Amino acid sequence: MGQRLSCGTSDEHGLFTAVQCGDLETVKGLIERNPSVVHHSTVYDGQSALHIAAANGQIEVVSMLIEQSANPDLLNRYKQTSLMLAAMHGKISCVQKLIEAGANILMFDSLNGRTCLHYAAYYGHSDCLKAILSAARTSHVASSWGYARFVNVKDGKGATPLHLAARQRRPECVHILLDNGALICASTGGYGFPGSTPLHLAARAGSLDCIRDLLAWGADRLQRDDSGRIPYTVALRHKHGACAALLNPSSAEPLVWPSALKFVSELNEEAKHLLECALMEANMEREKNILKGTAFSPPSPTNSDDAVDDNISEVSDTEVCCICFDQLCTIQVQDCGHQMCAHCILALCCHNKPNPTTTSPTTPLCPFCRSNIVQLDVIKLEKENGTSHDVSSSKLRKSRISRNFSEGSSSFKGLSAVSSFGKMVGRGSGRINAAENEFIDKPIILD
Ligand SMILES: [Zn+2]
Ligand SMILES: [Zn+2]
């Protein structure tokens, strides 16, 4: 490593070695002596100095080579760009630098016809994946190709980045891609031939986390691959019993993220996180029931409920959700200001299965005042005894039942403090029952 090579023909070799080790001084010296060496590539794979620097995360060398006008889109023998290699090896700073330098994110290698997004997804580098996606939003790719098309770009075998992430058991990448519009039911087949969906590939790989995410995003358990198999069959065949249990079409359906709702797509990060956690919690609960009594039953956490119960006195002043009387209010509905827990708001948004015949899903109504839900805000729980309650996994149970509830939304308009709402309500109020019914049944009709 780092050894100096003296003879002229070894300048190249010396350069590549120095680049690999991040020996900036040597690299500089060699380039000063022979500027054209920047454009040389290794004999066997045709890697340029930039490829080697990017793959090894030598950010200083990458920056220097770019300043020396190395072309960021130079290809190696397999038509891989430096950006692909940086994404493959998870060298986030190099990914960012190359993107900044104008590297083209829409190049395809000659091995599998993959883009840098495929590489990041395949190797599970979620930071690189995010960087590339955010570049795609702003670069010419968005206008020329379209962002959604880029997210769902297929490789030579018809696999989208989501397929690869699912196959390689990369739940974090699966999540990011879904969040960015990856098509859940994309099939590797083309031209009318059915292929595998991401769910088939996750079933094959036996990734419970990926399966959970894909199902929560509405993946179809009944879609068949080119051999006519549903994901359940694939999981069984590969002996992934727990995955098979979740994929079994006869097991309970999971809650599905209501991505089609306008306000859900516009949620602020905090509210989104809260709802996502509630969704995951609800689905984990369902999962527990499905796996109960099977060999795959997850080890139960040590009496978490009991532990929470002990803390009840601490939360006595915090408001309990008036719908379930179980969780704490964490979400405030705009514009009316009514409050409920994340689980209830989620149930409200999820109870309408997406209907393929209607293009726009029904906007859910506030169960208290029946006004349209425009947006959701997170309620900040007040700190008690210097500790703040973890809202995102609000297992906090009710400690007292104080429900006073009065009709009409106008009186609640502008309510923002956590402490004001729940105190007005009485359990017997017929409105609550009405609200509960509407909740489970059908779309609520506006008065
Ligand atoms: Zn609730
Ligand atoms: Zn309301």
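Residues numbered from 1 in each chain as written. Chains lettered and ligands numbered in written order. Predicted model: local features only at pLDDT ≥ 70, side-chain atom pairs only at ≥ 80, totals over all residues.

Novice: What's the story with the overall build of the protein in this structure? I'm lost.
Specialist: Helix and strand counts for the protein come out as 22 helices and 3 strands. The burial tally for the protein puts 42% of its 447 residues in the buried class. Expressed as a percentage of contacts within the protein between residues at least 6 apart in sequence, the contacts between residues at least 24 apart total 67%. (Helix = DSSP H or I, 4+ residues; strand = E, 2+ residues; numbered from the N terminus. Buried ≥ 20, exposed ≤ 12 C-beta atoms within 10 Å, placed from the backbone. Contact = placed C-beta atoms within 7 Å.)

Novice: How should the pairing of strand 1 (residues 331–334) be read in this particular structure?
Specialist: One face of the sheet, then the other: side chains in a regular strand alternate in exactly this way. Where strand 1 and strand 2 (residues 339–340) come together, 2 bridges link them in antiparallel fashion. By the bridge assignment for strand 2, Ile331 is matched with Met340. Where strand 1 folds back on strand 2, the antiparallel hairpin that results is connected by 4 residues, among which Gly337 adopts a positive phi of roughly 85°. (Pairing = 2+ DSSP bridges.)

Novice: It is not clear to me how the confidence of the model for the protein should be interpreted in this structure. Could you clarify?
Specialist: Residues shown with low pLDDT carry predicted positions that ought not to be read at fine detail. For the protein, the mean per-residue pLDDT works out to 80, and 74% of the residues sit at or above 70. Below pLDDT 50 for its whole length, residues 1–8 participates in 9 contacts with residues either more than four positions away or in separate chains. Counting interchain partners and residues more than four positions distant, the pLDDT-below-50 stretch residues 385–447 has 108 contacts. (pLDDT = per-residue confidence, 0-100.)

Novice: Please clarify how the UniProt feature "repeat: ANK" (unreviewed entry) in the protein should be interpreted in this entry.
Specialist: In the numbering used here, UniProt assigns the "repeat: ANK" (unreviewed entry) feature to residues 45–77, 78–110, 112–144, 157–189 and 194–226. In residues 78–110, helix accounts for 48% and strand for 0%; the two terminal C-alpha atoms are 5 Å from one another. (UniProt positions renumbered as here; feature names shortened; annotations may be inferred.)

Novice: I would appreciate a short explanation of unusual backbone geometry in the present structure.
Specialist: A negative phi angle is the norm for most residues apart from glycine, just as the trans form is the norm for most peptide bonds. Along the chain, Gln334 connects to Asp335 via a cis peptide bond; the corresponding omega equals 0°. Position of Asp335 among the secondary structure elements: in the loop between strand 1 and strand 2. In this structure, Ser69 is a non-glycine residue whose phi angle is positive, near 60°. One can find Ser69 in the loop between helix 4 (59–67) and helix 5 (82–88).

Novice: Help me understand helix 20 (residues 342–350), please; the structure alone is not making it clear to me.
Specialist: It helps to recall that an α-helix has 3.6 residues per turn; residues three or four apart then point in one direction. Most of helix 20 is tucked away: 9 of the 9 residues are buried. Turning to helix 20, its buried residues are Ala342, His343, Cys344, Ile345, Leu346, Ala347, Leu348, Cys349 and Cys350.

Novice: How should I be thinking about the environment of Glu172 in this particular structure?
Specialist: Looking at the element boundaries, Glu172 is found in helix 12 (residues 171–179). You can call Glu172 partly exposed: it has 17 C-beta atoms within 10 Å. The spacing of Glu172 and His125 is 47 residues in sequence and 8.7 Å in space, taken between C-alpha atoms.

Novice: I tried to follow the packing of helix 6 (residues 92–100) against helix 8 (residues 126–138) on my own but got confused; where do I start?
Specialist: For the pair helix 6 and helix 8, the least separation of the axes is 9 Å and the interaxial angle reads 15°. As judged from the angle between their axes, helix 6 and helix 8 are roughly parallel. Along this stretch, helix 6 crosses helix 8, giving a crossing that reads as right-handed. Contacts from Ile92, Val95, Gln96 and Ile99 in helix 6 reach Asp127, Cys128, Ala131, Ile132 and Ala135 in helix 8. Taken together, the residues of the contact of helix 6 with helix 8 sort by class into 7 nonpolar, 1 polar and 1 charged. (Axes fitted to C-alpha atoms, helices over the stretch in contact; angles between N-to-C directions. Parallel < 35°, antiparallel > 145°, perpendicular 65-115°, else oblique. Left-handed = near helix turned anticlockwise from the far one by under 90°. Nonpolar A, V, L, I, M, F, W, Y, C, P; charged D, E, K, R; others polar.)

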